[in-house]
Amino acid sequence: MTHPVKSPKKLIEVALPLDAINVAAAREKSIRHGHPSTLHLWWARRPLAAARAVLFGQLVNDPSWKWELDHPGEVPPNHLKASWAASRKRLFAILEDLVKWENTTNEEVLEKARAEIRKSWRETCELNKDHPQAAELFNPEKLPALHDPFAGGGTIPLEAQRLGLEAYASDLNPVAVLINKAMIEIPPKFAGRAPVGPLPKGERSGSLQLQHDWPGATGLAEDVRRYGAWMRDEAFQRIGHLYPPVEVTAAMAKDRPDLKPLIGQKLTVIAWLWARTVKSPNPAFRHVDVPLASTFILSRAYPGCAARPWALLCNAVGVRRSSDSWRIQT
Ligand SMILES: C[S@@+](CC[C@H](N)C(=O)[O-])C[C@H]1O[C@@H](n2cnc3c(N)ncnc32)[C@H](O)[C@@H]1O
């Protein structure tokens, strides 16, 4: 026979500061740095702020929980209602701070929220101390773990981990599994550890190594940065010759007066378009390679970025011939 679990009423069952949560959730859409959305695209991603607030509201007991358990179905007296409202106000203040993007890694704010979660968990354990599996299920020193079986972009397990819970994620989609591994499984394994990869060429050691104590996943992030630099250098060595800088000539500047001050200068190419080529079907030009490109327009947003192969477009855009393709340089 199963033994019933006694569950205190949770904050989420009574009230949440929805306006603050909505504002924080909407703001996340414009975050360009440090947000999981920049790790990998996930179409159904949920806002971190909403997940953080829902988890907090589900884990923290409502101030009325004890009275409600002792007086089921009764109407509470007004003085109690007022005292609960004041306690909720305090919890709302914690939650309003907690959902702000700026506080995502603010240990002081997070710790206040974690303390409330631990307090509620201890209350729940005390309430269930006579449960036959209490030792296993209601250990006041160990918060319950979270499992999100439809984890997708990993918002919920990530936020559970941030709030101090052991988090597990699974999903049918291997891309989601990869995102979750990168976000919640791998970083904790390297928490607090210094980077081990060699510094990119030209960077001096010393300052980096000595100044940091590499909190959280910063050591791992530094290793990823170093590895990225190594990949960029390798790519440059192997195929860099295919992307030479462009020398601005007088001919190029003829129709583009803005390029005149740059004549003779070699400009770095910032983007390339590749097109396959075929020999011209016109017998008079059968020696000419024709690029199979549907358009040479690189941007309609700026005047001057016209559809003109052979001429410079925007800041040094042109078309160059190579053995089997045409490269349009921008
Ligand atoms: C709406 S998304 C979850 C979004 C996630 N909460 C987030 O914030 O990114 C639903 C997920 O459920 C997964 N899914 C659907 N059916 C499943 C199944 N039978 N087993 C495991 N995962 C499943 C999908 O692959 C998808 O990633």
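Residues numbered from 1 in each chain as written. Predicted model: local features only at pLDDT ≥ 70, side-chain atom pairs only at ≥ 80, totals over all residues.

Q: If you had to explain the environment of Thr105 to someone new, which residues and values would you point to?
A: Mapped onto the elements of the fold, Thr105 is located in the loop between α4 (78–98) and α5 (107–127). Distance in space between the C-alpha atoms of Thr105 and Gly216 is 9.7 Å, their sequence separation being 111 residues. (Helix = DSSP H or I, 4+ residues; strand = E, 2+ residues; numbered from the N terminus.)

Q: Can you tell me about the nonpolar core, naming the residues and giving the values?
A: Counting residues in each nonpolar core, the largest one holds 27 residues, and the members touching the most others are Ala49, Ala53, Leu55, Phe56, Leu95 and Val99. Those elements giving two or more residues to this core turn out to be α1 (18–27), α2 (48–59), α4, α7 (155–162), β2 (167–169) and α8 (174–189). No other element matches α2, which puts seven residues into this core. (Core = buried A, V, L, I, M, F, W, Y, C linked by C-beta atoms within 7 Å. Buried ≥ 20, exposed ≤ 12 C-beta atoms within 10 Å, placed from the backbone.)

Q: Can you lay out α4 for me, pointing to particular residues and giving the numbers?
A: Helix length check: α4, at 21 residues, gives a terminal C-alpha distance of 30 Å against a target of 30 Å (1.5 Å per residue), a fit within 8%. The elements touched by buried residues of α4 are α2 and α5. (Expected span 1.5 Å × (residues − 1). Contact = placed C-beta atoms within 7 Å.)

Q: Tell me about unusual backbone geometry, and please be specific about residues and values.
A: Unlike most non-glycine residues, Trp214 shows phi in positive territory, near 50 degrees. Within the secondary structure, Trp214 sits in the loop between α9 (207–211) and α10 (218–239). According to the C-beta neighbour criterion, Trp214 is partly exposed, with 18 such atoms within 10 Å.

Q: Outline α7, listing residues and values.
A: Of all eight residues making up α7, eight are buried, and the element is well covered by its neighbours. Along α7, the residues that are buried comprise Thr155, Ile156, Pro157, Leu158, Glu159, Ala160, Gln161 and Arg162. Contact partners of the buried residues in α7: α2, α5, β1 (146–148), β2 and α8. Where α7 ends, the next residue or the one after it, Gly164, has phi of about 100 degrees, a positive value.

By themselves these figures say nothing about function.
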